[in-house]
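Tertiary structure, described
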Amino acid sequence: MEENITLEDIIRPENLVFQKTKLFTEKPLSYCPGCGHGVIHRLVLEVLEEMGISEQTIGVAPVGCSVLAYEFMDIDMQQAAHGRAPAVATGIKRVFPEKFVFTYQGDGDLAAIGTAETIHACNRGENITIIFVNNGIYGMTGGQMAPTTLPGMRASTCPYGRDVKSMGHPLKITELIAQLPGTSFVTRQAVHTPGNVRKAKKAILKAFQNQKEKKGLSFVEVVSNCNSGWKVSPVQANKWMVENMFPFYPLGDIKDV
Amino acid sequence: MKELRLMKGNEAIAEAAIRCGADAYFGYPITPQSEVMEYLMAERPEQRTGMVVLQAESEVASINMIYGAAGCGKKAMTSSSSPGISLMQEGLSYIAGAELPCLVVNVVRGGPGLGTIQPSQADYFQATKGGGHGDYHLIVLAPASVQEMCDFVKDGFDLAFQYRNPVMILTDGAIGQMMEKVELFEQIPRSETQPEWACVGKPATRGRSIITSLELDPNRQEQFNLKLQKKYREIEAKEVRYEKIQCDDAEYLFVAYGTSSRICQKSVQLAREKGIKVGLFRPISLYPFPYEAIESLSKQVKGILSVEMSAGQMIEDIRLAVHDRIKVQHYGRFGGMMPVPSEILQQLETQIIGG
Ligand SMILES: Cc1ncc(C[n+]2csc(CCOP(=O)(O)OP(=O)(O)O)c2C)c(N)n1
Ligand code: SF4
């Protein structure tokens, strides 16, 4: 064991074990500490960098906590109206069929206000990638009930817990769109442990490779946390997610053709 | 060689779209304009020019597909009729806020609500005063013939790209459905390049192209709004269009656009046969509205009858132009009804000349 290891030794290039992808801008992430959005951004950008396709990629940011994704990702991007990212991405992909196009959407955006756009983009088999961040709540607007809020789970618009009799059941939109012939790869991932991060990255990589092979729509759900909206600490949030979200939204590939 | 064809207004829109080198059309069926997409699909524009045509799941989707394609610097358009245009308002506000060029055709039908499929001009306020949320304007062109339906598609795209602003062709079911002779312009090739602001994928040599209407800092949002307003003042100064018919010796004036102006042309003839000197002023650009031209005519004529297939919307702009100097009244049929030339003349006689 080295005795007098100095700072210079530690930061030597050959000792580098982790580096921020070049596709992150210098802008500090605005997400709450512990939020999954930052990790998921990184995975998307790492995949674009490793595939060498960032110069041919156009991203679509939603309305939601990730509305400012275009400030953090050093690629060309469009900001879409709430729920309309799949339609915007369709417009882009149809005029630029050779470019890589992805949307990055929350559950309110993708599975409530934008349900029609989601289902029809999937059904047409638009050759795009959808990254769906499911945190079971409306983060940006302060923790209201989402289409994916669990039964009994509290949110600011269901302060006594989601009553499925009057408020409806959580929507498993990922299972739903997997039924459509236009989707080629549908998977559910998480990023709360290094192992899950690695798996999620593989899934995102595959989702972009599918675009190259013109396979149709690839859909990657990432079950994530929202410690601010759930009103718990980041550590408790991940624990709660494992215990409550995963049984309802089981991880793994749902469709791969 | 001039190419003459007998066409419906809606077909002329579609043919002009292909010929002016449009890159994409996204739309959703609604009467009385479904022929636009039907014609396009039958023409196989993907083979003729490489133009993309896609039937969307709704007007909400189609206007957002336009946003995406326009954000790539492409010439994208849609067409619809009143209820569908209402659904597009959020998207149009985003397009105006992101300063994207595009063309939207509204073949107006009678409302409110599901209303009727018959022609109407009751969407004037929505088209010219913003329509969606926030301080913005569409450039609005009002064709009065099938020829202008064709020509304004090309002009509309030119204006849209010149000002990076959405352009609307505001027409109605009558012009959309009627057949007239059209002289078609020659095929213009689709552009192979995109403007520098477009999203095309970011090369290492430039900064990011970002298409957005978001600016959370109110100071910067105000600055952006001031920039937009400056653009609108420039449009108001440079892009006013109108036509004057028999106005030189006129003592009275009809002001009417689109279908109403066609009907009023006959009313002018009937009036002059009776010895009443009436002229017709036809606004072609509804935004920017020809305030100054109407103001100067108001110094010459004794009264104005605004004729519109609505309960009276454009009359507010005419009154603004006239500053109460002379009498301005409205005559309209609405809910899908159209006035006949003799009843318009009668209204002039009772409301303006006799009144
Ligand atoms: C048309 C429209 N309706 C409502 C809103 C307000 N709004 C902004 S973000 C949001 C919910 C976002 O939640 P989600 O998609 O789950 O993303 P998260 O913030 O949790 O990442 C809502 C309702 C809006 N911006 N536009
Ligand atoms: S509010 Fe929730 S989703 Fe939004 S940044 Fe914070 S933790 Fe993440």
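Look a little higher up for the structure.
This text gives an overview of the structure that appears in the document. (Residues numbered from 1 in each chain as written. Chains lettered and ligands numbered in written order. Predicted model: local features only at pLDDT ≥ 70, side-chain atom pairs only at ≥ 80, totals over all residues. Heavy atoms only, no water.)

1. Some points on the overall build of chain A
Just so we agree on the cut-off: Helix and strand assignments come from DSSP, with helices taken as H or I runs of at least 4 residues and strands as E runs of at least 2, each series counted from the N terminus. Computation of the radius of gyration draws on C-alpha atoms alone. For the globule rule, the value is 2.2 Å times the number of residues to the power 0.38. Any residue under 20% of the maximum accessible area for its type is buried, any over 50% is exposed, and the rest in between are partly exposed; the area is computed with a 1.4 Å probe on protein chains only. By definition in these notes, contact holds between two residues if any of their heavy atoms fall within 4.5 Å. Surface exposure here means Shrake-Rupley accessible area, sampled with a 1.4 Å probe, where a residue is shielded only by the protein chains that are shown. His is not counted here, nor are the chain ends, while Lys and Arg score as positive and Asp and Glu score as negative. We put the charge of a Lys on NZ, of an Arg on CZ, of an Asp on CG and of a Glu on CD.
Across its full length, chain A carries 11 helices and nine strands. A compact globule built from 257 residues should have a C-alpha radius of gyration of about 18 Å, and chain A, at 19 Å, falls within 12% of that. Considering only C-alpha atoms, chain A reaches an extent of 65 × 45 × 30 Å along its principal axes. Buried residues in chain A amount to 56% of all 257 residues. Excluding contacts between residues fewer than 6 apart, the proportion of contacts in chain A whose partners are at least 24 apart in sequence is 68%. Accessible surface computed for chain A: about 11,000 Å², of which carbon and sulfur atoms make up 57%. Side-chain charges in chain A split into 26 positive and 25 negative, and the spacing between the mean points of these groups amounts to 8 Å.

2. Points about the site of ligand 1
Note the threshold: Think of it this way: one heavy atom of a residue within 4 Å of a molecule or strand is enough to make that residue near it. Residues adjacent in sequence count toward polar contacts only when both atoms are side-chain atoms; beyond that, a polar contact is any pair of N or O atoms within 3.5 Å, and within protein one must be able to donate a hydrogen and the other to accept it.
Of all residues adjacent to ligand 1, which total 17 residues, the nearest are Cys-65, Asp-107, Asp-109, Gly-139 and Met-140 of chain A. One chain alone does not account for the residues near ligand 1; they come from chains A and B. In the model, an oxygen atom of ligand 1 is placed 2.8 Å from a nitrogen or oxygen of the Asp-109 of chain A main chain. Ile-137 of chain A is positioned with one of its backbone polar atoms (N or O) 3.1 Å from an oxygen atom of ligand 1.

3. Section: the nonpolar core
The condition that has to hold: Buried Ala, Val, Leu, Ile, Met, Phe, Trp, Tyr and Cys residues that are joined via side-chain atoms within 4.5 Å together make up what is termed a nonpolar core. Delimitation of the domains relies on an automatic or database domain assignment.
Counting residues in hydrophobic clusters, the biggest one holds 125 residues, and the most contacted among them are Phe-219 of chain A together with Val-153, Ile-294, Ile-304 and Ile-318 of chain B. With nine residues, helix H8 (residues 146–163) of chain B is the largest single contributor of residues to this core. Two domains each donate at least three residues to this core, and these are domain 1 (3–188 + 213–238) and domain 2 (243–353) of chain B. Discounting chain neighbours no more than four positions away, the residues touching Phe-219 of chain A are Leu-110, Thr-118, Cys-122, Ile-130, Phe-132, Thr-174, Ile-177, Phe-185, Val-186 and Thr-187 of chain A. Counting residues in hydrophobic clusters, the runner-up holds 36 residues, among them Tyr-31, Ala-61, Phe-72 and Val-222 of chain A.

4. Some details on a nonpolar patch on the surface
All names here are of chain A. What counts, and what does not: In this analysis, a patch consists of residues with relative accessible area above 30% that form no salt bridge, clustered at 9 Å for like charges and at 5 Å for the nonpolar side chains Val, Leu, Ile, Met, Phe, Trp and Tyr. Take a side-chain nitrogen of Lys or Arg and a carboxyl oxygen of Asp or Glu: if they are within 4 Å of each other, that pair is a salt bridge.
On the surface, a cluster of nonpolar side chains totalling about 430 Å² of accessible area is made up of Ile-5, Leu-7, Ile-10 and Ile-11. Mapping Ile-5 onto the fold places it in the segment before helix H1 (7–10). In this structure Ile-5 comes out as exposed when scored by relative accessible area, which is 52%.

5. Re the site of ligand 2
Let me state the cut-off plainly: Polar here means any residue other than Ala, Val, Leu, Ile, Met, Phe, Trp, Tyr, Cys and Pro, which are nonpolar, and Asp, Glu, Lys and Arg, which are charged; Gly is therefore polar.
Every residue lining ligand 2 is accounted for by Tyr-31, Cys-32, Cys-35, His-37, Cys-65, Asn-135, Gly-139, Cys-226, Asn-227 and Ser-228 of chain A. Its residues assigned to classes, the shell around ligand 2 comprises five nonpolar, five polar and no charged.

6. Digging into the sheet that holds strand S3 (residues 52–55) of chain B
Residues and elements named next belong to chain B. For the record, the criterion: If DSSP finds at least two bridges between two strands, the strands pair. Geometry is summarised by axes, namely lines fitted to C-alpha atoms with helices restricted to the contacting stretch, and by angles between N-to-C directions that run from 0 to 180 degrees.
One open sheet accounts for seven strands, arranged S3-S2-S4-S5-S7-S6-S13; its pairing is mixed. In this open sheet, the two strands that pair with only one neighbour each are S3 and strand S13 (285–287). Sheet twist, expressed as the mean angle between neighbouring strand axes with direction ignored, is 20°. Where strand S4 (residues 76–80) and strand S5 (residues 102–108) come together, four bridges link them in parallel fashion. When the bridges of S5 are listed, Ser-79 appears paired with Val-105.

7. A word on the sheet that holds strand S9 (residues 210–211) of chain B
Strand order in the open sheet formed by eight strands is S9(A)-S7(A)-S8(A)-S4(A)-S3(A)-S1(A)-S2(A)-S9(B), with mixed pairing between adjacent strands. Sheet topology places strand S9 (252–256) of chain A together with S9 of chain B at the edges, where each strand pairs with a single neighbour. One ladder, built from five bridges, connects strand S3 (residues 100–106) of chain A with strand S4 (residues 129–134) of chain A; its direction is parallel. Bridge pairing links Gly-106 of chain A to Val-133 of chain A in S4 of chain A. Running at roughly 175° to S3 of chain A, helix H4 (residues 85–95) of chain A makes contact with strand S1 (57–61), strand S2 (76–79) and S3 of chain A of the sheet.

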